[in-house]
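Below, each chain spelled out in residue letters.
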Amino acid sequence: MTIDIDPRSARPRPFVVAWVLLLVLAGVSLLTAFLGLGRWAPVIQFGIAAIQVALVFILFMRLKGPPTLKWVFAASGFFWLLFLYGLSMTDYATRHGWPSPSVSIQSESPPR
Amino acid sequence: MSTTTVERAAAGEPSGAEPSYLTAENSVAGWLLTRDHKRIALLFFFSITFFFFVGGFAATMMRLNLATPEGLLQPAVYNRMFTMHGIIMVWFFLIPSIPTTFGNFFIPLMIGARDLAFPRVNLLSWYVFNLSGLVVLYSLIMGGADTGWTFYTPLSTTFANGYVFAAALAVFINGFSSIMTSLNFIVTIHRLRAPGMTWLRLPLFVWGIYSVSVVMLTATPVLAMDTFLLAVERFIGIGLFDPNHGGDPILWQHMFWFYSHPAVYIMILPAMGVVSEIIPAYARRPIFGYTGMIMALMAIAILSFFVWAHHMFVAGISVYSGVFFSLTTFFVAVPSAIKVFNWTVSLHKGSIVFDAPMLYALGFVLLFTVGGVTGLMLATLAVDVDVHGTYFVIAHFHYIMVGATVSAYFAALHYWWPKMTGRMYPEGWARFSAILTYVGFNLTFFPQFILGYLGMPRRSYTYPAEWQSWNVLSSAGASILAIAYALPLLYLGWSLFYGRKAPSNPWGATGLEWLTPSPPPEHNFPRTPTVVLGPYSYDPEHDTYVTQEGTTHGGIHG
Amino acid sequence: MVESMAESVADTSVPAPEVQYANLAHQGETAELGIWAFLINETIFFGALIFAYYFYRLTYPHEFAAAAKDTVLWCGTLNLVILVTSSLTIVLGINAAARDARRDMVRWLVITCALGFAFLCVKGFEYYLDFMSHSVPVVDYEVKPGEGSAGELFWVFYWVATGLHAFHLITGIGLVLYMLLWRIRRREITSAYYTPLEVVGIYWSFVDVVWLFLYPCIYLVGRS
């Protein structure tokens, strides 16, 4: 099945399907918040968000098609964020006692 | 490759039928609302020259103060001086310097385009730059900030007395100008190259600007977010870096240096591009290792994102992280060294002309080497722990950012002055100020290596009396340097009116920019040039050169 | 010359390319590449904010969970639906522009704008509810049980992130209105050259993308 997204000839259907899919995924994401998945919840929710964003990028922002410079540009923002996230973690992940078991320094007394 | 000998460049071409970009529609609106990349380049040139002297004034006050241990300024005033010196020189001179002026002017000319991809964005970039400049001047006039240009939290949020909010806002706004300019360059270089101008035929200056644009576009938004969060914290009193609420001040430093270390490369990459143009043109032979130079440029651009925490070895990061960043910092030295070796080898068996641009460029290579090697010393964890926060660091980064980059800036200014203005500069004066720059610079900053090694802390308004002789040397050098930087303003200004009219290709260089008349007409090329070979086809033995369009000429000697 | 002038009188909708471009297709592709380059910068801008957020959430998971309970889930979810729908409508508007279906184009763009305003209204109401639940750092903040001092960091993030997002959305609405009230009214957006609208559409969908990432960060924390 080929999906036509060229604005000159595209039919609304693939976009409407994508819209439905986006809403369904949002529903799933919402559901996971109440399941008590603990530390996995943000991972799953962010995974779902990534799928949603891929849908928006490929169809609504018309990245579909042969790989072009647009693909490189669209991906490079996320790629550069990996530098920030990954290399900062060389510090934080190797710091003594981080992430600490949830003690913010003034847990008992409110600041003001 | 079909080459024909043409006598075209021999005599100074008459400006011809088409008026130059300087004379076409010469009204105030014609300049302030222009979309011509060449006019916008000149507008940027005026703005950054102004800020160069504002920042230079602050440096003068600092060196005056440090001439004696007792000092001249109040400590608080001294703090404000070095802060404003840092902020203005980094964001209002060094980062925009070569890209916004020579990049703006010559990228379209060198790739054979008639303008940048987005001329209106280009003009907007200048207005945004000036807006941020006004905000920083406001902050300066109201009393300035005293945090250092690095705005470390919580000093900048909780303990500073100055106009930190305005200064941070200025940096934030300034980032948009950087982003707009770099975006424009990236898209232009991708999409507007003339027929035949393949990636491996681009002049190295274009590659330098391309690599720097990649760094600007990807690093600046992190600083934008960082300063935005800082401004919020400063404004409302609590924020993400506030230790009272469990915030981590080191997070500010991580995000700051994620931008500001690449920012050092933002300053040096275009300078490397300039020098890679000038050395072959004045050694009259092809650059050695053209593709290696490109790979080194791009490697430096990418690696610059992997090294930032070497500024934070003593800030409280984990020691494992320190080891990692120390190692990656050593890696950056590899492509940097490749470049220095290639420039040096490019001189071998050349027929070198020691004109002012070449003198500046050679000064660049020497100063960059000193700055680079001391950088390796600082990358070593144990050494850094000892000399961190001393004048050793100051001397190191001034060798790179001032010695190297400003030398390359003046090299570019002299090299392209005939093309930009249509006038030749007085060669004798220019050589004199090139040498004076080199001497003054070394006299100013070499003593600071020694002071740093002896332990003199940076950002201190006073020092023990036994260090005075080194400080006097440094201050004396600074006065020489000030003359060397002010001198070009005088003789270049003089040449605008009394200089010899420049021919279209006074240096016998090969790039497309030299095919246009000096100064170029409004839309650069009456017809789109077709490129048949790469840059730097100089032949020192026969004293000839081949332009990128494939025409062979006698050299500048003949 | 006379012919081309006659043509331009007959069909004012086809603009001449700017001097630096070979033709309109070249100009259009380049403009599209330009907005994608701009989005690199936007991705990293918001990515840096989310980085700071995740750093603190990992450091203070329980405090963040306690503090984030007060976010208004239904507002955030409704706004997600609104934004996703507006992404669909602007794409349908662009498709209509490419087919020269002017009426459809205007209709879809007006709906897009209306959805943008609807988002802002919901957001404004949500801000009101946040005021009511004393969740505004500095101005009116009440420390709830279990959130310690770090809970306030979550709310600083909340206001910064939603504020910046709203600013981007307002910019988007401004751009769509500019298209409607200026470019389309002057018949500059046609099947021959609709790139300006397409660029606006890409930006608009990106604002949607930002919300898709912010939604789990803000609204799905500490619900179980």
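Owing to the predicted nature of the structure, the values given are computational and were not obtained by experimental measurement.

About the criteria used
- Residues numbered from 1 in each chain as written.
- Chains lettered and ligands numbered in written order.
- Predicted model: local features only at pLDDT ≥ 70, side-chain atom pairs only at ≥ 80, totals over all residues.
- Helix = DSSP H or I, 4+ residues; strand = E, 2+ residues; numbered from the N terminus.
- Rg over C-alpha atoms; globule rule 2.2 N^0.38 Å.
- Contact = placed C-beta atoms within 7 Å.
- Buried ≥ 20, exposed ≤ 12 C-beta atoms within 10 Å, placed from the backbone.
- Nonpolar A, V, L, I, M, F, W, Y, C, P; charged D, E, K, R; others polar.
- Core = buried A, V, L, I, M, F, W, Y, C linked by C-beta atoms within 7 Å.
- pLDDT = per-residue confidence, 0-100.
- Axes fitted to C-alpha atoms, helices over the stretch in contact; angles between N-to-C directions.
- Parallel < 35°, antiparallel > 145°, perpendicular 65-115°, else oblique.
- Left-handed = near helix turned anticlockwise from the far one by under 90°.
- Expected span 1.5 Å × (residues − 1).
- Pairing = 2+ DSSP bridges.

**Q** Give me the overall build of chain B: which residues, what numbers.
**A** Helix and strand counts for chain B come out as 15 helices and four strands. What you see for chain B is a C-alpha radius of gyration of 23 Å, in line with the 24 Å of a compact globule of 558 residues. With respect to the three principal axes, the spread of C-alpha positions in chain B is 75 × 45 × 45 Å. Contacts in chain B between residues at least 24 apart in sequence constitute 82% of all its contacts with a sequence separation of at least 6.

**Q** Account for the overall build of chain C, with residues named and values stated.
**A** Across its full length, chain C holds seven helices and two strands. When the elements of chain C are put in sequence order from the N terminus, they spell out α-α-α-α-α-β-β-α-α. In terms of overall dimensions, chain C is more spread out than a globule: its C-alpha atoms have a radius of gyration of 22 Å, far above the 17 Å expected for 224 residues. For chain C, the spread of C-alpha atoms along the principal axes amounts to about 80 × 30 × 30 Å. When burial is assessed residue by residue, chain C has 53% of its 224 residues classed as buried.

**Q** Just give me the short version of the interface of chain A and chain C, but keep the residues and values in it.
**A** Contacts between the two partners involve 47 residues from chain A, matched on the other side by 45 residues from chain C. Counting residues per element, the ones that place at least two in the side of chain A that touches chain C are helix H1 (13-32), helix H2 (40-60) and helix H3 (69-92) of chain A. The leading source of residues in the side of chain A that touches chain C is H3(A), at 12 residues. Among the residues making up the side of chain A that touches chain C, the classes are represented as 34 nonpolar, 11 polar and two charged.

**Q** Break down the nonpolar core for me, with residues and values.
**A** All names here are of chain B. Of all hydrophobic cores here, the largest spans 291 residues; its most connected members are Val 275 and Ala 411. Ranked by the residues each element gives to this core, the list is headed by helix H8 (residues 249-283), at 24 residues. The residues touching Ala 411, leaving out its near neighbours within four places in the chain, are Val 274, Val 275, Ile 278, Pro 357, Tyr 360, Ala 361 and Phe 364.

**Q** Break down the interface of chain C and chain B for me, citing the residues and quoting the values.
**A** With 25 residues of chain C in contact, the opposing surface of chain B contributes 33 residues. Contributing elements (two or more residues each) for the side of chain C that touches chain B: helix H2 (24-59) and helix H6 (151-184) of chain C. It is H2(C) that contributes the most residues to the side of chain C that touches chain B, 13 residues altogether.

**Q** With reference to specific residues and values, describe the environment of Val334(B).
**A** All names here are of chain B. Position of Val 334 relative to the elements: it lies in helix H10 (residues 319-347). Owing to 12 C-beta atoms within 10 Å, Val 334 belongs among the exposed residues under this scheme. Linking Val 334 and Gly 143, residues 191 residues apart in sequence, is a C-alpha distance of 43 Å.

**Q** Help me get a handle on the confidence of the model for chain C, residues and values and all.
**A** Mean pLDDT over chain C: 91, with 94% of residues reaching 70 or higher. Interface confidence in the predicted complex, given as ipTM, is 0.92; pTM for the same model is 0.93.

**Q** Residue-level account of unusual backbone geometry, with values.
**A** The linkage connecting Thr153(B) with the following residue, Pro154(B), adopts the cis geometry, with an omega of -5 degrees. Mapped onto the fold, Pro154(B) is located in the loop between helix H4 (119-142) and helix H5 (155-159). Cis geometry is found at the peptide bond from Ser518(B) to Pro519(B), where omega equals -10 degrees. Residue position: Pro519(B) is located in the loop between helix H15 (468-498) and strand S2 (537-539). In this structure, Phe151(B) takes a positive phi of about 50 degrees despite not being glycine. Looking at where Phe151(B) falls in the secondary structure, it is placed in the loop between H4 and H5. What makes Phe151(B) buried here is the crowd of 26 C-beta atoms within 10 Å. In this structure, Arg187(C) is a non-glycine residue whose phi angle is positive, near 55 degrees. Relative to the assigned elements, Arg187(C) resides in the loop between H6 and helix H7 (195-219).

**Q** Residues and numbers for the packing of H8(B) against helix H11 (residues 356-379) of chain B, please.
**A** Residues and elements named next belong to chain B. Across the interface, H8 lies against H11 with an axial gap of 9 Å and an inter-helix angle of 125 degrees. Classified by the interaxial angle, the pair formed by H8 and H11 is oblique. Seen from above, H8 lies across H11 with left-handed handedness. Residues Ala 271, Val 275, Ile 278, Ile 279 and Tyr 282 of H8 lie in contact with H11, whose contacting residues are Pro 357, Met 358, Ala 361, Phe 364 and Val 365.

**Q** Break down H2(A) for me, citing the residues and quoting the values.
**A** For H2(A), spanning 21 residues, the distance from its first C-alpha to its last is 29 Å, which sits close to the expected 30 Å at 1.5 Å a residue. Remark: Arg62(A) follows H2(A) within two positions and exhibits a positive phi of approximately 55 degrees.

**Q** Let's hear about the pairing of strand S4 (residues 551-554) of chain B: which residues, and what values?
**A** Residues and elements named next belong to chain B. Pairing geometry for strand S3 (residues 544-546) and S4, over three bridges, is antiparallel. When the sheet's bridge partners are listed, Tyr 545 is paired in S4 with His 553. Where S3 folds back onto S4 in an antiparallel hairpin, the turn is made up of four residues, including Gly 550, whose phi is positive at roughly 95 degrees.

**Q** Got a sec to walk through the packing of helix H13 (residues 391-421) of chain B against helix H14 (residues 427-454) of chain B? Specific residues and values, please.
**A** Residue and element names in this part refer to chain B. Where H13 meets H14, the axes come as close as 8 Å, and the angle between the chain directions of the two elements is 170 degrees. One way to sum up the angle between H13 and H14 is to call them roughly antiparallel. Here Tyr 391, Phe 392, Val 393, Ile 394, Ala 395, His 398, Tyr 399, Val 402, Gly 403, Ser 407, Phe 410 and His 414 of H13 come into contact with H14, specifically with Ala 430, Thr 437, Phe 441, Phe 445, Gln 448, Phe 449, Leu 451, Gly 452 and Tyr 453. The residue inventory of the contact of H13 with H14, partitioned by class, reads 14 nonpolar, seven polar and no charged.

**Q** Provide a residue-level description of helix H4 (residues 73-98) of chain C, including the pertinent values.
**A** Residue and element names in this part refer to chain C. Helix length check: H4, at 26 residues, gives a terminal C-alpha distance of 38 Å against a target of 38 Å (1.5 Å per residue), a fit within 8%. In terms of burial, H4 is a largely internal element, 19 of the 26 residues being buried. Positive phi appears at Asp 100, one or two residues downstream of H4, with a value of about 65 degrees.

**Q** Help me get a handle on the environment of Gln448(B), residues and values and all.
**A** Residues and elements named next belong to chain B. Residue placement: Gln 448 occurs in helix H14. C-alpha of Gln 448 to C-alpha of Tyr 391: the two residues are 57 residues apart in sequence and 5.5 Å apart in space. In this structure, Gln 448 is in contact with Tyr 391, Ile 394, Ala 395 and Ser 474, ignoring residues within four places of it in sequence.

**Q** Explain the environment of Gly56(B) residue by residue, including any values.
**A** Residue and element names in this part refer to chain B. Here Gly 56 is to be found in helix H2 (residues 37-65). Sequence separation between Gly 56 and Ala 482 is 426 residues; the distance between their C-alpha atoms is 7.9 Å. Sequence-distant contacts of Gly 56, that is, excluding residues within four places in its chain, are made with Ala 482 and Tyr 485.

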